[in-house]
Amino acid sequence: MEGVSYERFPKVKIREMKDDYLKFELRETDASMANALRRVMLAEVPTIAIDLVEIEVNSSVLNDEFIAHRLGLIPLTSDRAMAMRFSRDCDACDGDGQCEYCSVEFHLRARCVTDQTLDVTSKDLISSDPSVVPVDLSDSSGYDASEQRGIIIVKLRRGQELRLRAIARKGIGKDHAKWSPAATVTFMYEPDILINEDLMEALTLEEKKNWIESSPTKVFDIDPNTQQVVVVDPEAYTYDDEVIKKAEAMGKPGLVDIYAKEDSFIFTIESTGAIKASQLVINAIEVLKQKLDAVHLSEDTLEADDQFGDLGGHLRGG
Amino acid sequence: MNAPDRYERFVVPEGTKKLIPFISFFFFFFFSSYLSVNCNGGSSTVNDRVSYERDTKIINAASFTIEREDHTVGNVLRMQLHRDESVLFAGYKLPHPLQYKIIVRGSGGYGFEQLDWVLQIHTTSQSSPMQAYNQAINDLDKELNHLKRAFEDEMTKHPREY
């Protein structure tokens, strides 16, 4: 029997969108949903990262496991990750988790032959799948040659060599942080700021300036035309109560009223580059839906329980 | 030394949560305190992730144990259950941070002894805890669908910056 639906209808508005940075507003939903999205983005959206390293030759100054650890932390473009299978679930390979469906193979060969130090970077990792490559972190404007190098793995001197084979697999941040696709995910409540105009009139310009400066971030300013205090950037407010304390210290409590809107959130997402920031949000919603579906009760259980329910009632009552 | 493996946080081991341990526990419980009957105490293993037990002392109350989940799912479910008017009480907890499961439960307000509860839901006679639980998950599913569509629409409308 279907009960009344208690569904919410959230609204989204994107403020700023770049490849690896996203700022958007989420309205008309609960804080638990916003927090669940944040937790999923950090820990449960799958990506691909190097998980197994076979080293043939290593005469560098770093030892084998050190280099393997660094290789694991290199972000790889993971658009394939949602469709890929986990290695442990894969039935195509013969149990070693290295088939083409559940993993990607990388090679690295570097040898220093000159007197100059050779930087082995993430650009030297050669992938077997062109859609999964180390993330290119260089700026598109490319004003500085040093920015184009990629992530440095190790530096080699003359005569030192590094040769290895690496397997990258799908994983989630909960298992190891190398699989986390998000650099930072934050959300804040949107503040609602109301200035009491009558009390504000009673202040001199000097007092108004003093009061505005007591806020560590620039939330208020004096309008040059009307000489009134206006809210210039409500979201710069960090919920420190400095302006409220200053108003009380000046003898004017209630000068401004600031409260957080309970169902309005501003998300700021920075991605490592493995997945685009906007794609990250969509994947997070998908993963959260899958989690909820996994804990769903099936319909036949409900029926069985209903039959039981009467019996149980009799037993308890009788 | 005693810490469980990292993958235990989300990988459900195969063949877990058989009904038998619950039955035997309850048989013992029933025989010792109620001197009766052969029901399985109203517990059930739905799939290998979720199992639930009806509360023996309070009508319309049940405890759901969800394996390998944490606050991400627990808090969202709990807040959604609060919105349902026929649910009198809903709460969840993690029994221990190193045991990777949550228990969701509702009680009538007069104290309850715990065996091992995780999510408790206590409802009025209009609906059963199982219905409330299912309804909550359905509503959350719909909300997430709506959110996804809203986000995708916004993405197409918003001009891309490079």
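Basis of the calculations
- Residues numbered from 1 in each chain as written.
- Chains lettered and ligands numbered in written order.
- Predicted model: local features only at pLDDT ≥ 70, side-chain atom pairs only at ≥ 80, totals over all residues.
- Heavy atoms only, no water.
- Helix = DSSP H or I, 4+ residues; strand = E, 2+ residues; numbered from the N terminus.
- Buried < 20%, exposed > 50% of the residue type's maximum accessible area, 1.4 Å probe, protein only.
- Contact = heavy atoms within 4.5 Å.
- UniProt positions renumbered as here; feature names shortened; annotations may be inferred.
- Salt bridge = Lys/Arg side-chain N within 4 Å of Asp/Glu carboxyl O.
- Buried area = accessible area lost by both parts, 1.4 Å probe.
- Polar contact = N/O pair within 3.5 Å; in protein donor to acceptor, adjacent residues only side chain to side chain.
- Pairing = 2+ DSSP bridges.
- Axes fitted to C-alpha atoms, helices over the stretch in contact; angles between N-to-C directions.
- Core = buried A, V, L, I, M, F, W, Y, C linked by side-chain atoms within 4.5 Å.
- 1 Å grid on protein atoms, 1.4 Å probe; cavity = no way out; pocket = protein on both sides within 12 Å on 5 of 7 lines; lining within 4 Å.
- Points joined across faces, edges and corners; volume = space filled by probe spheres on them.
- Nonpolar A, V, L, I, M, F, W, Y, C, P; charged D, E, K, R; others polar.

The next point concerns the overall build of chain B. When helices and strands are counted, chain B shows 3 helices and 6 strands. When the helices and strands of chain B are listed from N to C terminus, the series reads α-β-β-β-α-β-β-β-α. In chain B, which comprises 162 residues, the share counted as buried stands at 50%. For chain B, restricting intrachain contacts to residue pairs at least 6 apart in sequence, the fraction spanning at least 24 positions comes to 56%.

What UniProt calls "domain: DNA-directed RNA polymerase RBP11-like dimerisation" (unreviewed entry) maps, in this numbering, to residues 62-105 of chain B. As annotated, residues 62-105 of chain B comprises 30% helix and 41% strand, and the C-alpha atoms at either end are separated by 6 Å.

Turning to unusual backbone geometry, a few remarks are in order. Positive phi, close to 60°, is recorded for Glu28 of chain A, a residue that is not glycine. Among the secondary structure elements, Glu28 of chain A is positioned in the loop between strand S2 (21-27) and helix H1 (31-43). Its identity is not glycine, yet Arg68 of chain B carries a phi of approximately 60°, on the positive side. Judged by relative accessible area, Arg68 of chain B falls into the buried class, the value being 9%.

Residue and element names in this part refer to chain A. According to the stated counting rule, one finds 30 salt bridges over all chains in the structure shown. Lys11 is the salt-bridge partner of Glu28, the closest N and O atoms lying 3.4 Å from each other. Separated by 17 residues along the polypeptide, Glu28 in the loop between S2 and H1 and Lys11 in strand S1 (residues 11-17) bring together distant segments of the chain. Under the relative-accessibility criterion, Glu28 is labelled partly exposed at 36%. What makes Lys11 partly exposed here is its relative accessible area of 43%. Through salt bridges that share partners, Arg15, Glu25, Arg27, Glu190, Glu235 and Lys261 make up one connected network.

Before going further, it helps to spend a moment on the interface of chain A and chain B. Each side of the interface is counted separately: chain A has 58 residues, and chain B has 57 residues. Of the roughly 5800 Å² buried where chain A meets chain B, counting both sides, 60% is carbon and sulfur surface. Scanning the region where chain A abuts chain B turns up 5 salt bridges. In this structure, Glu69 of chain B and Lys291 of chain A form a salt bridge, with 2.9 Å as the shortest nitrogen-oxygen distance. Across the chain A-chain B interface, the total number found is 12 residue pairs in polar contact (both at pLDDT 80 or more). Of all the secondary-structure elements, those providing two or more residues to the side of chain A that touches chain B are S1, S2, H1, helix H6 (277-294) and helix H7 (299-317) of chain A.

The 4 strands are arranged S1-S2-S12-S9 (chain A) in an open sheet whose pairing can be described as antiparallel. Each edge of the open sheet is held by one strand with a lone partner, namely S1 and strand S9 (182-195) of chain A. Mean inter-strand twist for the sheet, computed between neighbouring axes without regard to direction, equals 30°. Relative to the sheet, H6 of chain A contacts S1, S2, S9 and strand S12 (256-271) of chain A, its axis offset from that of S2 of chain A by approximately 45°. The sheet contacts of helix H3 (residues 129-157) of chain B involve S1 and S2 of chain A, and relative to S1 of chain A the element is tilted by about 35°.

Right, let's get into the nonpolar core. With 55 residues, the main nonpolar core has Leu22, Phe24, Leu37, Met41 and Phe267 of chain A together with Phe64 and Tyr133 of chain B as its most contacted residues. Residue contributions to this core peak at 10 residues, all from H3 of chain B. When residues no more than four places from it in sequence are discounted, the contact partners of Phe267 of chain A are Leu22, Lys23, Phe24, Leu26, Ala34, Leu37, Met41, Val185, Thr186 and Phe187 of chain A. Judged by nonpolar contacts, the second largest core, of 24 residues, contains Ile67, Ile74, Val132 and Leu164 of chain A.

Looking now at the layout of surface pockets. The rolling of a water-molecule-sized probe over the atoms marks out the regions of remaining empty space. The computed volume of the second largest pocket comes to approximately 490 Å³. Around the second largest pocket sit 18 residues that line it, and Phe86, Arg88 and Gln290 of chain A together with Phe10 and Arg49 of chain B are the ones nearest its centre. Looking at the lining of the second largest pocket residue by residue, the classes come out as 9 nonpolar, 1 polar and 8 charged.

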